[in-house]
Amino acid sequence: MKKSSLGTLAFALLVAACGGSSGPPSEYEPGKGAMQLPLLTSSSEGKTYRLVGATFELTGPQNATITDISEETLSIQLPTGLYYIELKGDYHLEEVTAGEPGKRIEALMISPNPLQFTIAEKETTTVQFIFKIVLPGTVDVGIRVDKGGWITGQVEFTKVYQGGRPCSCVYMEGQSRPFAFSFESVTLTRLAPGPDGTLNLEVTTGPLTPQFGGDYLEPLHYNVGIGLSGHTMTFKLSAQPDSNSVSLAGLLANSNFGFRAGPVSPAFTGTVDSQGYPTPQAFQFDTTVELGALGWTPSSYSSKVEGRMVGTGFIPKP
């Protein structure tokens, strides 16, 4: 089996409006809302982590640069409107233990940077920068994830189909955006062998946290980002018999706004178990994608947009 020098512990560092020690503002200034930035988070194993060395650059109706991150939670009131937040500086994560200096932790940020968010009057907005922690070690099967997984990469929409059922997705033709789908858990199912002997591991994710980078594009960021948030995604890893050749098969995100990829991405060198089924692992993909209202078929011919999706992902062990 392929060896790796990486073991992993995954968690999401939330730069969010909920939680934190200070809570939402008790009073909002006229025409303003708020954004909070908790800089301390805990994993399910009870370890505490802090983001240090970071600078947050805000651009929008009011520009701001946040360099003082000494508090556990930062809060800033902003005029209503669309904003971008970019994480800058020589930032890193530290594991925090009472009475001891912080211990620097290797981590991968999977979120697009910068991110967009909207400030509404008298409301507090949630923004997330999602990190996956990498711990030194030696494991089989490439990379092992103790908790959480993701799919991240670039999506480009190239062809529109106009049908009788309108869809705002048609405005995304020619648009390309980075994306990240993070999930906390998975359910794995070994399917019966296909007619050609293909062995499929079906993956059903826990609730999704979807994110998109680049300029704001309402059908993508609102309909898809908000529409998929909290829903699940299913896809398959497919292995050919007597081979370590693995590929990503059809992907479907469940919401009122269909997001589908597939049917099959080119194969890569993966790992399989003693019966030949793909194992939970890192994977890569380069596949077609379509976006539109659920229920689209050639006969009903609702509007949709097609394109290409390229990137990598992680499947954690359940």
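Remember, it's a predicted structure, so these values are computed and weren't measured experimentally.

Caption draft 1: Here's a closer look at the overall build of the protein. Of the regular secondary structure elements, the protein holds one helix and 24 strands. Looking at the protein alone, contacts between residues at least 24 apart form 68% of all its contacts between residues at least 6 apart. Per element, the accessible surface of the protein, about 14500 Å² overall, is 50% carbon and sulfur.

Caption draft 2: The arrangement of the environment of Gln36 in detail. Note on placement: Gln36 falls in strand 2 (residues 32-38). When its relative accessible area of 0% is taken as the criterion, Gln36 is described as buried. A sequence separation of 90 residues divides Gln36 from Thr126, and the C-alpha atoms of the two residues are 7.5 Å apart.

Caption draft 3: Summary view of the nonpolar core. Ile151, Phe181, Phe235, Phe259 and Phe283 are the most contacted members of the largest nonpolar core, which has 37 residues in total. In contact with Phe259, other than residues within four places in its own chain, are Phe181, Val224, Leu228, Leu251, Leu252, Ala253, Val289, Glu290, Leu291 and Met309. If you look at the next biggest cluster of nonpolar residues, it comprises 27 residues, including Ile66, Leu74, Tyr83 and Leu93.

Caption draft 4: Representation of the sheet that holds strand 8 (residues 81-88) in the model. Read across the sheet, four strands follow the order 6-5-8-11 without closing on themselves; strand pairing throughout is antiparallel. Whereas interior strands pair on both sides, the edge strands pair on one side only; in this sheet they are strand 6 (64-66) and strand 11 (115-119). Averaged over all pairs of adjacent strands, the angle between their axes in this sheet comes to 25°, without regard to strand direction. Summarising the sheet, strand 8 and strand 11 pair through five bridges and their orientation is antiparallel.

Caption draft 5: Inspection of the packing of aromatic side chains at higher detail. This model, assessed by the stated rule, comprises eight aromatic pairs. With centroids separated by 5.3 Å and ring planes inclined at 45°, the aromatic side chains of Phe179 and Phe181 adopt a geometry described as tilted. Across the pair, Phe181 and Phe179 agree in class, each one buried. Taken together, a centroid distance of 6.0 Å and an interplanar angle of 85° make the contact between Phe181 and Phe212 edge-to-face. A residue pair is termed long-range when its members are at least 10 positions apart, and Phe181 in strand 15 (residues 176-183) and Phe212 in strand 18 (residues 208-212) qualify at 31 residues. Phe212 shares its class with Phe181; the two are buried. Just above the ring of Tyr161 sits the side chain of Lys304; from NZ or CZ to the centre is 5.2 Å.

Caption draft 6: Inspection of the side chain of Lys304 at higher detail. Along the chain, Lys304 falls in strand 24 (residues 304-314). Side chain to side chain, Lys304 and Glu290 meet in a polar contact 2.7 Å long.

Caption draft 7: Layout of a nonpolar patch on the surface. A cluster of nonpolar side chains, contributed by Leu82, Tyr216, Tyr222 and Ile226, occupies part of the molecular surface with about 380 Å² of accessible area. Inspection of the secondary structure assignment puts Ile226 in helix 1 (residues 218-228). With a relative accessible area of 53%, Ile226 lands in the exposed category.

Caption draft 8: Up close: the pattern of salt bridges. Under the defined criterion, the tally for this structure stands at six salt bridges. Ionic pairing is found between Glu29 and Lys32, a salt bridge with its closest N-O pair at 3.0 Å. Judged by relative accessible area, which is 18%, Lys32 ranks as buried. Across the salt bridge formed by Asp286 and Arg308, the nearest N and O atoms sit 2.6 Å from each other. Within this pair, whereas Asp286 is found in strand 23 (residues 282-293), its partner Arg308 is found in strand 24, the two being separated by 22 residues in sequence. Look at Asp286 and you get partly exposed, because its relative accessible area is 29%. One salt-bridge network, in which partners are shared between bridges, spans Arg260, Glu290, Lys304 and Glu306.

Caption draft 9: Here's a closer look at the pairing of strand 18. Buried residues dominate strand 18, accounting for four of its five residues. Relative to strand 18, strand 15 runs antiparallel, the two being bridged by five bridges. The residue of strand 18 that forms the bridge with Ser182 is Thr209.

Quick notes on the rules
- Residues numbered from 1 in each chain as written.
- Predicted model: local features only at pLDDT ≥ 70, side-chain atom pairs only at ≥ 80, totals over all residues.
- Heavy atoms only, no water.
- Helix = DSSP H or I, 4+ residues; strand = E, 2+ residues; numbered from the N terminus.
- Contact = heavy atoms within 4.5 Å.
- Areas by Shrake-Rupley, 256 points an atom, 1.4 Å probe, with all protein chains shown as cover.
- Buried < 20%, exposed > 50% of the residue type's maximum accessible area, 1.4 Å probe, protein only.
- Core = buried A, V, L, I, M, F, W, Y, C linked by side-chain atoms within 4.5 Å.
- Pairing = 2+ DSSP bridges.
- Axes fitted to C-alpha atoms, helices over the stretch in contact; angles between N-to-C directions.
- Phe/Tyr/Trp six-rings, centres within 6.5 Å; stacked < 30°, edge-to-face > 60°.
- Lys NZ or Arg CZ within 6 Å of the ring centre and 35° of its normal.
- Polar contact = N/O pair within 3.5 Å; in protein donor to acceptor, adjacent residues only side chain to side chain.
- Patch = residues over 30% accessible without salt bridge, like charges linked within 9 Å, V, L, I, M, F, W, Y side chains within 5 Å.
- Salt bridge = Lys/Arg side-chain N within 4 Å of Asp/Glu carboxyl O.

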